[in-house]
Each structure stands twice: as structure tokens, then as C-alpha cells.
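# A closer look at the structure
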Amino acid sequence: EDIRESLLDREAFNLVRLNRLDEALARFDRRLQTAGSDREKRQKILNWQVQLMLKRAPVEKSIEVCRRFQKATIRGTDDWKDATFFLALELRRAGRHREALELTNDFLQVERSPNLLLDAAESLIALKRHKEAAALIEEVQPQIQSLKDSHLKWEIEQYENLAERSQVLKKRMPQPDKSDSK
């Protein structure tokens, strides 16, 4: 059974890489029907579907796939976190920042990681809510300082990426001498 699932995963991967998205989606639908009420199997299939469609499928189709995955999860679980993160990511890609912000804020009630705070700040900037965005960017700074002084290369790189993203977001906001209406 594991070998069969691996082959089906590979088939889906190949179909997506060949840009045969409708065919890949149809295969996923069949696999979900076959999985029946096996929650774990269904979530694995939905997670793989999202991973493959993310940033490859037309954004509205990708959002639909992400919503299906999120609806199949239980709030607070790792699958829910993945599904919520990916759905918010695709909503931002579609320019639907208000919806993305709602999801990100929901996620922030469970976990306040620097990446999520910056995701929320990005949507707030798009919505011209600059003071709120600036507050989130500032909240990130103490969280990432320990990464800066780490002896682990990957943590230093993570610090550099988060610090750079913070700066990019700050530059997208009006300069301090300008008034902010919100």
C-alpha cells in the first residue's frame, strides 16, 4: 500500500510538472474518494495536493485546494497550521489581503512566530494600516535577536532573511515624517 501511494504521489507530481493540472486534480479527487473516511490518509493526500499546486496552479484554483485542506483539519494541529499558512499565502498572492489577514490573525492566536508576524504586516501594509504593521514589525525584532548571535549557520541565515524582510516591509510604508491616517 505504501509503494502504491508513493507511485500515485509521483504520478501527481509529474502531471503538475507537465502543467496538466486538471488531470492531476481529477486523480486527487479519485484518491480522496478511495480514502473514504480515513482522516489521516485524506489529510496526507490533501496536504500533498496543496504542496504541488502552491504557486503552480492558477491562484483561484490553488486557493480552492487550500480551503479544502483547511476544512479537513482540526484547529491548532500541525495540518491546520500548514493549511492556514498556505491558504493565507495564496490569498496574499491573489491580492486578497483582508482575507489573508483574517487567517493570519487566527493563526497568530495559536503561534506568534516572526514569519507570521511579518505575513500579517505585509497584508496590513497592503491595506494601508501602517501603524499596525509597524507594531508587528517591531514585535519581530526582539524575537530574532537571539538568531543573530547564534553559532548555527542556519539560524544566522534565518536572522538575515527575517531582518531583510523587515526592512523591505518598512520601506513600503510612509516615512515617519508623513502622517498616517490609521
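Note: the structure precedes this text.
A brief look at the structure comes next.

The rules behind the values
- Residues numbered from 1 in each chain as written.
- Predicted model: local features only at pLDDT ≥ 70, side-chain atom pairs only at ≥ 80, totals over all residues.
- Heavy atoms only, no water.
- Helix = DSSP H or I, 4+ residues; strand = E, 2+ residues; numbered from the N terminus.
- Areas by Shrake-Rupley, 256 points an atom, 1.4 Å probe, with all protein chains shown as cover.
- Expected span 1.5 Å × (residues − 1).
- Buried < 20%, exposed > 50% of the residue type's maximum accessible area, 1.4 Å probe, protein only.
- Contact = heavy atoms within 4.5 Å.
- Phe/Tyr/Trp six-rings, centres within 6.5 Å; stacked < 30°, edge-to-face > 60°.
- Core = buried A, V, L, I, M, F, W, Y, C linked by side-chain atoms within 4.5 Å.
- Axes fitted to C-alpha atoms, helices over the stretch in contact; angles between N-to-C directions.
- Parallel < 35°, antiparallel > 145°, perpendicular 65-115°, else oblique.
- Left-handed = near helix turned anticlockwise from the far one by under 90°.
- Polar contact = N/O pair within 3.5 Å; in protein donor to acceptor, adjacent residues only side chain to side chain.

The number of helices and strands found in the protein is nine helices and zero strands. From first element to last, N terminus to C terminus, the protein shows the α and β order α-α-α-α-α-α-α-α-α. Based on the C-alpha atoms only, the size of the protein along its principal axes is roughly 60 × 40 × 30 Å. Total accessible area computed for the protein in this model is approximately 10700 Å², and 49% of it derives from carbon and sulfur atoms.

Now for helix α3 (residues 39-53). Across its 15 residues, α3 extends 21 Å between first and last C-alpha, which sits within 8% of the 21 Å expected from 1.5 Å per residue. Those residues of α3 lying buried are Gln43, Ile45, Leu46, Asn47, Gln49, Val50, Leu52 and Met53. In the core, the buried residues of α3 are packed alongside α1 (2-17), α2 (21-35), α4 (59-71) and α5 (78-93). The positive-phi residue at the C-terminal boundary of α3 is Lys55, with phi of around 65 degrees.

By the definition in use, this model includes two aromatic pairs. Between Trp80 and Phe107, the ring centres sit 5.6 Å apart and the planes meet at 40 degrees, which makes this aromatic pair tilted. Within this pair, whereas Trp80 is found in helix α5, its partner Phe107 is found in helix α6 (residues 97-108), the two being separated by 27 residues in sequence. Neither residue differs from the other here; Trp80 and Phe107 are each classed as buried. Between Phe85 and Phe86, the aromatic rings sit 5.6 Å apart at their centres with planes inclined by 65 degrees, giving edge-to-face as the arrangement. Of the residues examined, Phe85 reaches a relative accessible area of 29% and is grouped as partly exposed.

On to the nonpolar core. Ranked by size, the top nonpolar core spans 28 residues in total, and within it Val16, Val50, Met53, Cys66, Leu87 and Leu91 carry the most contacts. Elements that contribute at least two residues to this core include exactly α1, α2, α3, α4, α5 and α6. When neighbours within four sequence positions are excluded, Leu87 is seen to be in contact with Ile63, Cys66, Arg67, Gln70 and Leu103. Within the second largest apolar cluster, 23 residues are counted, among which are Trp80, Leu108, Ile137 and Leu169.

A few words now on the packing of helix α8 (residues 130-148) against helix α9 (residues 153-171). Running from amino to carboxyl end, α8 crosses α9 at an angle of 160 degrees, the nearest separation of the two axes being 9 Å. Taken together, α8 and α9 sit at an angle that is classed as roughly antiparallel. Pair α8 / α9 crosses with left-handed handedness. Contact residues: Ile137, Glu138, Val140, Gln141, Ile144, Gln145, Leu147 and Lys148 in α8; Glu155, Ile156, Gln158, Tyr159, Leu162, Ala163, Ser166, Leu169 and Lys170 in α9.

Glancing now at the environment of Arg129. Among the structural elements, Arg129 can be located in the loop between α7 (114-126) and α8. Residue Arg129 is classed as partly exposed on the basis of its relative accessible area of 23%. When the C-alpha positions of Arg129 and Met173 are compared, they lie 9.3 Å apart, and in sequence the two are 44 residues distant. A polar atom in the side chain of Arg129 sits 2.8 Å from the side chain of Glu132.

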